[in-house]
Amino acid sequence: MASFVIQKKGVFDFELLIKDLVYFFKSKGYDVTEKENSEMFGGGSWDLIVRYEFAKAVDEYFSFHFKVEIESLRAVSVVDKETKKKKLKMEVHLKVEYDLKRDYSGMLKSSFI
């Protein structure tokens, strides 16, 4: 399984970030499973963790799998000056693991033996 991490500090619309992530994978035909959605509050800020798994069959033998974790650290609510919308000032860590998995049961079903 391969992976990469993107880290960014700034002001984000966290809900829109999640919606866009899920929409992207759904529009590509992936099944979506939310694994975790938690928040911890302390010291005037909070940490948010969201985990999703995305899967898509390539054919009867192989499937793509993505595990995505979005962790926001030290999130503080702010109002965007331009849009006047509530957003979060935070540090975001986006970790993505991906793999191409073999389905041996599919291979055995279509075997000539």
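Source: prediction; values computed, not measured.

K.L.:
Tell me what's going on with the packing of aromatic side chains, and back it up with residues and numbers.
P.N.:
Tallied over the full model, the rule gives nine aromatic pairs. Geometrically, the ring pair formed by Tyr52 and Phe54 is stacked, given 5.8 Å between the ring centres and 15 degrees between the ring planes. Each member of the pair, Tyr52 as well as Phe54, is classed as buried. Put simply, the rings of Phe4, Phe24, Phe25, Tyr30, Tyr52, Phe54, Phe66 and Tyr98 pair up and form one aromatic cluster.

K.L.:
Go over the sheet that holds strand β4 (residues 62-79) with me, naming the residues and quoting the values.
P.N.:
Within a sheet, adjacent strands bond to each other through the backbone by hydrogen bonds, running parallel or antiparallel. One open sheet holds the five strands; their spatial order is β1-β5-β4-β3-β2, and the pairing between them is antiparallel. Since the sheet does not close on itself, it has two edges, and those belong to β1 (2-12) and β2 (31-42), each with one partner. Neighbour-to-neighbour, the strand axes of this sheet turn through a mean angle of 10 degrees, independent of strand direction. Looking at chain direction, β4 and strand β5 (residues 86-102) are connected through 16 bridges and run antiparallel. Pairing of Val76 across the sheet is with Lys89, part of β5.

K.L.:
I'd love a proper account of the pattern of salt bridges, names of residues and values included.
P.N.:
Per the counting criterion, the structure on display carries five salt bridges. Here Glu69 makes a salt bridge to Arg51, at a shortest N to O gap of 2.6 Å. Taken together, the residues span a long stretch of sequence, with Glu69 in strand β4 and Arg51 in strand β3 (residues 45-57) at a distance of 18 residues. On the basis of relative accessible area, Arg51 is assigned to the partly exposed category, the value being 29%. The shortest N-O distance in the salt bridge between Glu91 and Arg74 comes to 2.6 Å. Within this pair, whereas Glu91 is found in strand β5, its partner Arg74 is found in strand β4, the two being separated by 17 residues in sequence. One salt-bridge network, in which partners are shared between bridges, spans Glu36, Arg51 and Glu69.

Reading the values: the criteria
Residues numbered from 1 in each chain as written. Predicted model: local features only at pLDDT ≥ 70, side-chain atom pairs only at ≥ 80, totals over all residues. Heavy atoms only, no water. Phe/Tyr/Trp six-rings, centres within 6.5 Å; stacked < 30°, edge-to-face > 60°. Buried < 20%, exposed > 50% of the residue type's maximum accessible area, 1.4 Å probe, protein only. Pairing = 2+ DSSP bridges. Helix = DSSP H or I, 4+ residues; strand = E, 2+ residues; numbered from the N terminus. Axes fitted to C-alpha atoms, helices over the stretch in contact; angles between N-to-C directions. Salt bridge = Lys/Arg side-chain N within 4 Å of Asp/Glu carboxyl O.

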